[in-house]
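An overview of the molecular structure
This is what each chain is made of:
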Amino acid sequence: MSTPGTQLPGVSFSPESRPLRVGVLGSGKGSNFRALAEAWRAGSLGCEPVLVLSDIEGAGILALGAEFGIPARFVPPGPFRTKMSSEAEEELVRLLREAEVDFVVLAGFMRVIKEPLLRAFPGRILNIHPSLLPQFRGLEAWRQALEAGVPEAGCTVHLVDAGVDTGMILGQSRVPVLPGDTAESLHARIQVAEHELYPRIVREFAQRLRQES
Ligand code: GRF
C-alpha cells in the first residue's frame with residue numbers, strides 16, 4: 001500500500017509508527033544475516049528483517065531465517081549461473097513487495113542484480129563485499145588481496161548499482177594482512193569485521209531513509 005511521503009516509484013515509505021522493513025537475500029551460510037538478526041533482536045538495527053530469500057535450496061541462511069522466526073524462502077534462480085532469470089528476479093520483486101519491504105540487504109547473495117530489482121528498489125539495495133573497494137571487485141576478494149601482497153584488507157558496505165561491486169560506498173572496515181595468512185585465515189578476519197560493520201551501516205541507512213520519508 002502506498003503511504004504519504006512516497007518519493008520514488010515502486011517504493012512505499014513506512015508510516016512513522018512502524019519500523020522500516022528489510023528484505024534479505026543470500027546464497028550461503030548467512031553469518032552476516034545472523035549478525036543483522038542478532039542486532040535486530042537486541043533492538044539496535046533500526047529496522048526489521050521481515051523476509052529472507054535465497055537462490056540456493058537448503059542454504060544455511062534459510063535455516064537461520066527460521067531460527068529467528070523470519071519467513072524464509074527458496075526462489076528457483078533459472079538456468080543461468082551468475083544471475084537470476086528475469087522471471088526469477090521478478091518473483092523476488094513480487095515477494096519483497098508483498099512483504100512491504102522498504103529496502104533490501106544482500107548478505108552473501110552470489111548473483112548479479114539486474115534491472116527488475118534495481119528498478120523496484122532504486123538506491124535501496126545494500127551489499128557487503130569482502131575488500132576495501134574499489135580494490136578487488138568480484139569473487140574471492142580476500143584471495144585477490146592475499147595474492148596482491150597488500151598489507152591491509154577489509155570489507156565495504158555499498159549501494160548496489162548495475163555494475164559489479166561499483167555502487168556508492170557507505171562504510172568500510174580495515175583489517176591487517178598478517179604474516180602466514182592463508183586465504184581462509186584472512187577471510188575469517190574480514191568476516192569478524194563484516195559482522196560489526198554491516199549492522200552499523202544498515203542502522204545508519206535506515207535512519208537516513210526514515211529522515212527522508
Ligand atoms: C561475505 O564474505 C560477504 O562479504 C560476501 O559473501 C560472504 C557471505 O558470507 N558478499 P555469509 O554467508 O554472510 O557468512
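Relevant structure appears above.
Structure report, in brief. Please read these numbers as outputs of a predicted model, since none were measured by experiment.

Another point: the overall build of the protein. A count of helical and extended segments in the protein gives six helices and seven strands. Listing the helices and strands of the protein from first to last along the sequence gives β-α-β-α-β-α-β-α-β-α-β-β-α. Counting only C-alpha atoms, the protein reaches 55 × 40 × 30 Å along its principal axes. The burial tally for the protein puts 51% of its 213 residues in the buried class. Within the protein, counting contacts between residues at least 6 apart in sequence, those at least 24 apart form 64% of the total. Split by element, the accessible area of the protein, about 9900 Å² in all, is 56% carbon and sulfur. Taking the average place of the 22 positive charges on the side chains of the protein and the average place of its 25 negative ones, the gap between the two points comes to 1 Å.

In this section: the state of the cysteines. Summed over all chains, the structure comprises zero disulfides. The thiol of cysteine 47 is unpaired, and the distance to the nearest cysteine sulfur, on cysteine 155, comes to 18 Å. When its relative accessible area of 0% is taken as the criterion, cysteine 155 is described as buried.

This part is about the packing of helix H5 (residues 141–148) against helix H6 (residues 183–212). Look at H5 against H6: their axes get within 9 Å of each other, and the N-to-C directions meet at 120 degrees. If you check the angle between H5 and H6, you find them oblique. Viewed along their axes, H5 and H6 form a crossing whose handedness is right-handed. Where H5 abuts H6, its residues Trp142, Arg143, Ala145 and Leu146 lie against Ala183, Glu184, Leu186, His187 and Ile190. Each residue belonging to the contact of H5 with H6 can be placed in one class, and the counts come to six nonpolar, one polar and two charged.

In this section: the environment of proline 151. Relative to the elements of secondary structure, proline 151 occurs in the loop between H5 and strand S6 (152–159). Judged by its relative accessible area of 66%, proline 151 is exposed. Proline 151 sits 24 residues away from valine 175 along the chain, and the two C-alpha atoms are 9.0 Å apart. Other than its neighbours up to four places away in sequence, proline 151 contacts Pro176 and Val177.

Moving on: the site of the ligand. With respect to spatial proximity, the complete set of residues near the ligand consists of Lys29, Gly30, Ser31, Asn32, Gly108, Ile128, His129, Pro130, His187, Gln191 and Glu194. Between the ligand and the protein, one listed contact pairs an oxygen atom with a backbone N or O atom of glycine 30 at 2.9 Å. Serine 31 is positioned with one of its side-chain polar atoms (N or O) 2.5 Å from an oxygen atom of the ligand. Where the shell around the ligand is concerned, the elements lending two or more residues are helix H1 (31–41), strand S5 (125–129) and H6. Considering every element that reaches the shell around the ligand, the biggest residue donor is H6, with three residues.

Here the distance between the centres and the angle between the planes together describe a pair of aromatic rings. Summed over all chains, the structure comprises two aromatic pairs. With a centroid separation of 6.2 Å and 75 degrees between ring planes, the pair formed by phenylalanine 33 and phenylalanine 68 is classed as edge-to-face. Of this pair, phenylalanine 33 sits in helix H1 while phenylalanine 68 sits in the loop between helix H2 (60–67) and strand S3 (72–74), placing them 35 residues apart in sequence. Using a relative accessible area of 0% as the deciding quantity, one classes phenylalanine 33 as buried. Using a relative accessible area of 6% as the deciding quantity, one classes phenylalanine 68 as buried. Above the face of the phenylalanine 80 ring, lysine 83 is positioned so that its terminal group lies 4.5 Å from the ring centre.

This part takes up H1. For H1, every residue scored as buried is listed here: Ser31, Asn32, Phe33, Ala35, Leu36, Ala37 and Ala39. If you follow the buried residues of H1, they end up packed against strand S1 (21–25), strand S2 (48–54), H2, strand S4 (103–106), S5 and H6. Looking one or two residues beyond H1, the residue adopting positive phi is glycine 43, at roughly 80 degrees.

Rules used throughout
Counting starts from 1 at the beginning of each chain's written sequence and moves along it residue by residue. Under the rules for a predicted model, residues below a pLDDT of 70 receive no local features and side-chain atom pairs below 80 are neither given nor counted, while totals for whole chains, interfaces and linings still include all residues. Each side-chain value is worked out from all heavy atoms of the structure, with water and hydrogens disregarded. The helix count covers DSSP runs of H or I at least four residues long, the strand count covers runs of E at least two residues long, and both are numbered beginning at the N terminus. Exposure categories follow from relative accessible area, calculated using a 1.4 Å probe and restricted to protein chains: below 20% of the type maximum is buried, above 50% is exposed, and the middle band is partly exposed. Two residues qualify as a contact provided that any one of their heavy atoms is within 4.5 Å of a heavy atom in the partner residue. Residue exposure ignores everything except the shown protein chains as possible cover, and the areas themselves are Shrake-Rupley values with a 1.4 Å probe. Under this rule, positive means Lys or Arg and negative means Asp or Glu; His and the chain ends count for nothing. In plain terms, the charge of a residue is placed at NZ if it is Lys, CZ if Arg, CG if Asp and CD if Glu. Disulfides are defined as cysteine sulfur pairs within 2.5 Å. All axes are obtained by fitting lines to C-alpha atoms, using only the stretch in contact for helices, and the reported angles, taken between N-to-C directions, cover 0 to 180 degrees. For classification purposes, an angle smaller than 35 degrees is called roughly parallel, one larger than 145 roughly antiparallel, one from 65 to 115 roughly perpendicular, and anything else oblique. In this scheme, a crossing is called left-handed if the near helix is turned counterclockwise away from the far one by less than a right angle; it is called right-handed if the turn is clockwise. As a working rule, the residues Ala, Val, Leu, Ile, Met, Phe, Trp, Tyr, Cys and Pro are called nonpolar, Asp, Glu, Lys and Arg charged, and the rest polar, with Gly in that last group. Near residues are defined by distance, with any heavy atom within 4 Å of the molecule or strand qualifying the residue. Here a polar contact is taken to be a pair of N or O atoms separated by no more than 3.5 Å, where protein atoms must pair a possible hydrogen donor with a possible acceptor and residues adjacent in sequence count only if both atoms sit in side chains. Only Phe, Tyr and Trp rings take part, Trp by its six-membered ring, and two of them pair if their centres are within 6.5 Å. Stacked means planes under 30 degrees apart, edge-to-face means over 60, and tilted covers everything else. We call a charge positioned above a ring when the Lys NZ or Arg CZ atom is no farther than 6 Å from the ring centre and deviates by at most 35 degrees from the ring normal.

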